Amino acid sequence: MRRLSIVGDVTVGFPASRTGYGQATYGNTAPQTQRATWIIVDGTGRVTAFAGKVEYGQNIRTGLAVEVADELRVSMASVEVVLGDTARVPWDMGTFGSQSTARVGWQLRKAAATAREALLAMAADRLDLPVEDLEARDGAVVSRHDRSRSIPYADLIEADQEREIADHAQVTRRADFTQMGQSHLRRLDGIDRVTGAARYSQDILPEDVLYAAILHPPTYGATLRTIDLAASEALPGVVQVVEEGGIFAILAEDDETAALAARIARLEWDIPQGQPSRWDMPALLVESGQDGYSTQEAGDLDAGFKQADEVIEATYYIPYIAPMPMEPRAAVAAWEGDSLTVWAGTQRPFGLRAELASIFGMEESRIRVIAPEIGGGFGAKSPYGLAHDAARFAKAAGRPVRVAYTRAEETMWSNFRPAALIRIRAGVASDGRLVAWDSHAYHAGERVMIGRRGSETPYDAGNIRSMVYRSDSPLPSGSYRSLGAAVNHFAREVHMDDIAARVGRDPVEYRLAHLTEPRFRRVLEAAADDFGWSGPRLPDGRGAGIALGIDVGSYVATAAEVSVNGREVRVHRVSAALDCGLVVNPEGAANQMEGAIVMGLGGALFEASDFEAGRVLNPTFARYRVPRIVDAPRIDLRFVGDDETPSTGAGEPGIVPIAAAVSGAVFGATGVRHRELPIQRYLD
Amino acid sequence: MSLSKPFGGVYADHGMRGNGRQDIPPAEMMAPVRRAIADGGRASPDLVVSRGVAQCTCSRAIGEVPVPTSPVLVVNGVERQASRGDRNLLSYLRFDLRLTGTKYGCGEGLCGACTVLVDGQPLRSCMTTVGAVAGGEVTTIEGIATHDALAAAAAGEGVATLDDLHPVQRAFVEEQAMQCGYCIPGFIMSTVGLLKREPEPSPAQVREALVEHVCRCGAYQRIERAVLRAAEEMSVRSERNTGSEGDAS
Ligand code: FES
Ligand code: FES
């Protein structure tokens, strides 16, 4: 079909090199070609937008569609967004760090504006009218003076054409948006998700697919001593036993046969002794801390402490928690000759393609990775090793192979939010003013990067040092919604509450007295107002807490009301204010904020991954409690950002202040300050 | 060779037992489950599958499972003959019938992602077998809206619109009660079951009915709103229907 294609540079989408996170972590992926098609307007007037991002619940499909629709002056229904398919979309480093999404959105807006201008120019030619007299509206170019003179886009596209994204393309001003920012934007894919039509990675079932069951060791670090697969192999329906890359797996004609064969396989393992257990963590974090990195330095710390009348010092501990996305990872691989197609619910399809290319020593162009719908990821679904396994098994079997994790496998063989221990010493002058702030954060994991995010204090203490260390991690640690930021915020904000209480000041007033950044002040005041803040103690033995933070460039403050009944904390309501600049899709952003708050409540109140001698003790919902509908509070949200400020992320910031707000509220209710998470474990 | 399998589905990870439960769900959360046991499951028939606490009120599924060789059942209105009675129902639906709208989330009855209706009652399909529901009528998320347009859209012809949906599905879309959406089919199936026995549930009843579902994305506030909205729409609709029947007579 005839089409107008808008092409442009692909290297716009990766996270700010300011943090270096994406680069340092996933540096093995690089674009194969520098240019790719971003937008196509075809001969029927339909618009297709392409982006290398994946959809894992953040509603990016709708967010991008509305941007393109507005720029091109078409209805959202006529825009299709193609995501996460390496054969079709521009290269992308991966879907993480909310900023990257904003950048891709911006690139698509420019591409759409380029398309619109190209269409206007074509129409000017055809109608023999000056471009200034024309406007684009409802999928057509129309004369401003004579509405009857118009040409639908479809008719304008007479031949295949290609245009480069124009840097000077006139991107639509906020005031002229008609769809963007509307609160009742319906999700593009809503219907598919309520009818079962949406295909997730667990749902990919090519003809003739074999079901794999991997023979995982019982602990981390175990090595295989003996293996006897005779019984497994004899089971009808078992097609093959494979050993690839040191991993044994059963391939069978159906899922249950594979699982059963795996269960009756006889394996003996050598389990390394002396692996740290959960109770070793606090000491381990500090003792193994290394590569100290200063994220913030101001004034003269010694001088600050000398001025101090009182020094308030405390240690905060946050255990590992499991992302537990609703959909456990799954991958399907199919070879056709020497070409490979892999479906995998990964946040970085291009990264996976590069890994596969190096494993099999083949050109990336012969590999296609497709990320279908993903049932949640929260940042954790970047590593996707089981897709390597699927590809290896499929090659060995000569048939498509599906590897799908069980809930327990998903927990144990993916990654956890790193445990952390944070020590803060603060100096307070006789008038209550902060004069020194010395913070040392030990985060488990190989990359010190993990702990940097959110480690700077926004409070003006004059003399500041904030250090971050990386410590040994007995569990695989990895990304998670807002990562170390949520952990760093917990410590800092609880410490601020503690100081305010000791110097007899109100937590909101005390914070404001140390905040100069207007965006921080605005979110804090908004959350306090909406909540009806009156201090930590509320009638009927309830408590209130409040905290603020910044993540991925967005400012956020959250207040919570709780009651404590024995070992149960009930969060009754939450008011949160977010400044993420321009809000493109308010419903979508609100949904993300609510989700981040609920998720954060789990980590605040009851989530912790327990482990002992290399074994995760609570890998399933039976032992790992996640927030349920009865745990969800009423949530009131307000967006206080300014429309002229570029959009920043809305999916992650919600999680950063919530645990501290809850801790403050529990203090209000009980008089006990909680510096360890999850709080419910420390109630008696 | 036939190997008898333990009830509960092969996905339950029995090999991973820890040393004691640290986080027993709160009393309030488990109350509906206990009540269900106390009254034989009549009050909350969808809250019956909590591992080790209660199994299934449907007597067919309790205890020793009879294994008919090729059980017959009706799935979304179509009669099916399964080749094995001991096939896990969730696996049968997803892999044999390719009805992948029903999801796997835990395999041990604790997340609700796999919920289907059996003879109109919500049931965790991961916890039972085809044989256990033989002779029954199974409805999955693909089968609750019987509109032709939806079937056509599912077959890749045409586009489904909101009007083609079941009122519960529509309410979930209207309230944007989803993020990744993976948990949503399960929530919808339990909601359909709830509204059948309790057409005008209170918010507390909604929470109680959905307590055994997990939405890791945390869309609970919206899910609750969607259920209440669906209840309202359905009761308005049924009033209207009763009214017009009255007119006609
Ligand atoms: S998969 Fe059946 S309840 Fe979780
Ligand atoms: S919408 Fe993702 S788990 Fe519920």
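This one's a predicted model, so the numbers in the text were calculated from it and none came from an experiment. (Residues numbered from 1 in each chain as written. Chains lettered and ligands numbered in written order. Predicted model: local features only at pLDDT ≥ 70, side-chain atom pairs only at ≥ 80, totals over all residues. Heavy atoms only, no water.)

(A) Layout of the overall build of chain B. Looking only at helices and strands, chain B has seven helices and five strands in total. What you see in chain B, going N to C, is helices and strands ordered as α-β-β-α-β-β-β-α-α-α-α-α. For chain B, buried positions account for 56% of its 249 residues. Contacts in chain B between residues far apart in sequence, at least 24 positions, make up 59% of those at least 6 positions apart. By element, 51% of the accessible surface of chain B is carried by carbon and sulfur atoms, the whole surface being about 10100 Å². (Helix = DSSP H or I, 4+ residues; strand = E, 2+ residues; numbered from the N terminus. Buried < 20%, exposed > 50% of the residue type's maximum accessible area, 1.4 Å probe, protein only. Contact = heavy atoms within 4.5 Å. Areas by Shrake-Rupley, 256 points an atom, 1.4 Å probe, with all protein chains shown as cover.)

(B) Seen up close, the overall build of chain A. Within chain A one finds 18 helices and 28 strands. Against the compact-globule benchmark of 26 Å for 684 residues, chain A has a radius of gyration of 27 Å, which places it among compact chains. C-alpha extents for chain A along the principal axes are approximately 80 × 75 × 45 Å. Here chain A holds 684 residues, and 65% of them are scored as buried. Within chain A, counting contacts between residues at least 6 apart in sequence, those at least 24 apart form 79% of the total. (Rg over C-alpha atoms; globule rule 2.2 N^0.38 Å.)

(C) Inspection of helix α11 (residues 385-397) of chain A at higher detail. Residues and elements named next belong to chain A. For α11, which comprises 13 residues, the first-to-last C-alpha distance of 19 Å matches the rise-based estimate of 18 Å (1.5 Å per residue) to within 8%. Of all the positions in α11, only L386, A387, H388, D389, A390, A391, F393, A394 and A397 are classed as buried. A positive phi of about 70 degrees marks G398, the residue just after α11. (Expected span 1.5 Å × (residues − 1).)

(D) Seen up close, the environment of G337 of chain A. All names here are of chain A. Note that G337 resides in the loop between β16 (330-336) and β17 (339-344). Judged by relative accessible area, which is 71%, G337 ranks as exposed. Linking G337 and A500, residues 163 residues apart in sequence, is a C-alpha distance of 68 Å.

(E) Examining the pairing of strand β23 (residues 543-551) of chain A more closely. Residues and elements named next belong to chain A. For β23, the buried fraction is high: eight of the nine residues fall into the buried class. The pairing of β23 with strand β24 (residues 554-565) spans nine bridges and is antiparallel. What sits directly across from G543, in β24, is V562. (Pairing = 2+ DSSP bridges.)

(F) Layout of the packing of helix α14 (residues 484-502) of chain A against helix α18 (residues 658-670) of chain A. All names here are of chain A. Relative orientation of the contacting elements α14 and α18 amounts to 30 degrees, with a least axis distance of 8 Å. Between α14 and α18, the interaxial angle falls into the category roughly parallel. The element α14 and its partner α18 pack so that their crossing is right-handed. For the pair α14 and α18, contact is made by H489, F490, E493, V494, D497 and A501 and by A659, A660, S663, G664 and F667, respectively. (Axes fitted to C-alpha atoms, helices over the stretch in contact; angles between N-to-C directions. Parallel < 35°, antiparallel > 145°, perpendicular 65-115°, else oblique. Left-handed = near helix turned anticlockwise from the far one by under 90°.)

(G) Here's a closer look at the environment of L89 of chain B. Residue and element names in this part refer to chain B. Residue placement: L89 occurs in helix α2 (residues 89-96). Sequence separation of L89 and C217 is 128 residues, and the distance between their C-alpha atoms is 26 Å. Residue contacts for L89: discarding those within four places in its chain leaves V116, S125, T128, T129, V130 and V133.

(H) Representation of the nonpolar core within the structure. Among the nonpolar cores identified, the biggest contains 159 residues, and L434 of chain A together with F172 and I223 of chain B are the most heavily contacted of them. Setting aside its immediate chain neighbours within four residues, F172 of chain B contacts V194 of chain A together with A177, M178, I184, F187, I188, T191, I223, A226 and V227 of chain B. In terms of nonpolar packing, the next biggest core, distinct from the first, is built from 46 residues, W38, M122, V141 and I151 of chain A among them. (Core = buried A, V, L, I, M, F, W, Y, C linked by side-chain atoms within 4.5 Å.)

(I) Region of interest: the sheet that holds strand β15 (residues 310-318) of chain A. Residue and element names in this part refer to chain A. Pairing within the open sheet is mixed, and its five strands lie in the order β14-β22-β21-β20-β15. The strands lining the two open edges of the sheet, one partner per strand, are β14 (290-298) and β15. Between one strand axis and the next, the sheet turns through 10 degrees on average, direction left out of account. Note that β15 and strand β20 (residues 420-428) share nine bridges and pair antiparallel. Bridge pairing in β20 links E313 to R425. Packing against the sheet, α14 makes contact with β15, β20 and β21 (434-444), and its axis sits at approximately 145 degrees to β15.

(J) Focus on α14 of chain A. Residue and element names in this part refer to chain A. Counted at 1.5 Å a residue, the expected span for α14 with its 19 residues is 27 Å, and the 27 Å between its end C-alpha atoms agrees. α14 sits mainly inside the fold: 17 of its 19 residues count as buried. Just downstream of α14, G504 is the residue with a positive phi angle, here 70 degrees.

(K) Structural context of the interface of chain A and chain B. With 83 residues of chain A in contact, the opposing surface of chain B contributes 76 residues. For the pair chain A and chain B, the summed buried area comes to about 6900 Å², and 54% of that belongs to carbon and sulfur atoms. Linking chain A with chain B are nine salt bridges. Across the contact surface, chain A and chain B share 36 residue pairs in polar contact (both at pLDDT 80 or more). Elements that contribute at least two residues to the side of chain A that touches chain B include exactly α5 (190-195), α7 (255-264), α12 (407-412), β25 (568-579), α17 (586-605) and β28 (634-639) of chain A. With eight residues, the top contributor of residues to the side of chain A that touches chain B is α17 of chain A. Residue composition of the side of chain A that touches chain B, by class: 43 nonpolar, 13 polar and 27 charged. (Buried area = accessible area lost by both parts, 1.4 Å probe. Salt bridge = Lys/Arg side-chain N within 4 Å of Asp/Glu carboxyl O. Polar contact = N/O pair within 3.5 Å; in protein donor to acceptor, adjacent residues only side chain to side chain. Nonpolar A, V, L, I, M, F, W, Y, C, P; charged D, E, K, R; others polar.)

(L) Region of the structure containing unusual backbone geometry. Residue and element names in this part refer to chain A. In this structure, P678 follows L677 across a cis peptide bond, with omega equal to -5 degrees. Backbone geometry places D208, a non-glycine residue, at a positive phi of 75 degrees. Structurally, the position occupied by D208 is in the loop between α5 and β9 (210-214). Take D208: its relative accessible area is 45%, and that puts it in the partly exposed class. Notably, D291 is not glycine yet its phi reads approximately 55 degrees, a positive angle. Mapped onto the elements, D291 comes out in strand β14.

(M) Representation of the domain arrangement of chain A within the structure. Residue and element names in this part refer to chain A. Partitioning chain A into domains gives domain 1 (3-189), domain 2 (210-270 + 337-412) and domain 3 (288-321 + 416-682). Placing a centre on the C-alpha atoms of domain 1 and another on those of domain 2 gives a separation of 37 Å. If you look at the interface, domain 1 gives 24 residues, while domain 2 gives 24 residues. With both sides pooled, the region where domain 1 packs onto domain 2 buries about 1800 Å², and carbon together with sulfur makes up 51% of that total. Summed over the shared surface of domain 1 and domain 2, the result is two salt bridges. Between D85 and R368 there is a salt bridge whose closest N-O contact spans 2.6 Å. (Domains from an automatic or database assignment.)

(N) Spotlight on the pairing of strand β4 (residues 121-124) of chain B. Residue and element names in this part refer to chain B. Of the strand pairs in this sheet, strand β3 (residues 115-118) and β4 are connected by four bridges, and their pairing is antiparallel. Looking across to β4, one finds that T115 is bridged to R124. Where β3 hands over to β4, the hairpin turn is made up of two residues, of which D119 adopts a positive phi near 50 degrees.

(O) Spotlight on the sheet that holds strand β6 (residues 140-143) of chain A. Residues and elements named next belong to chain A. Read across the open sheet, the three strands follow the order β5-β6-β7; overall the sheet is antiparallel. Looking along the sheet, the strands with just one partner apiece sit at the ends: β5 (134-137) and β7 (150-152). Between one strand axis and the next, the sheet turns by 20 degrees as a mean value, whatever way the strands run. Here three bridges tie β6 to β7, and the two strands are oriented antiparallel to one another. From the neighbouring strand, V142 faces β7, where its bridge partner is S150.

(P) Focus on the side chain of R573 of chain A. Residues and elements named next belong to chain A. Tracing the backbone shows R573 in strand β25. A polar contact of 3.0 Å, which involves the side chain of R573, links it to the backbone oxygen of F531. Polar side-chain contacts of R573 include one of 2.7 Å to the side chain of E561. Dropping the residues within four chain positions of it, R573 is found in contact with F531, A559, A560, E561, P633 and R634.

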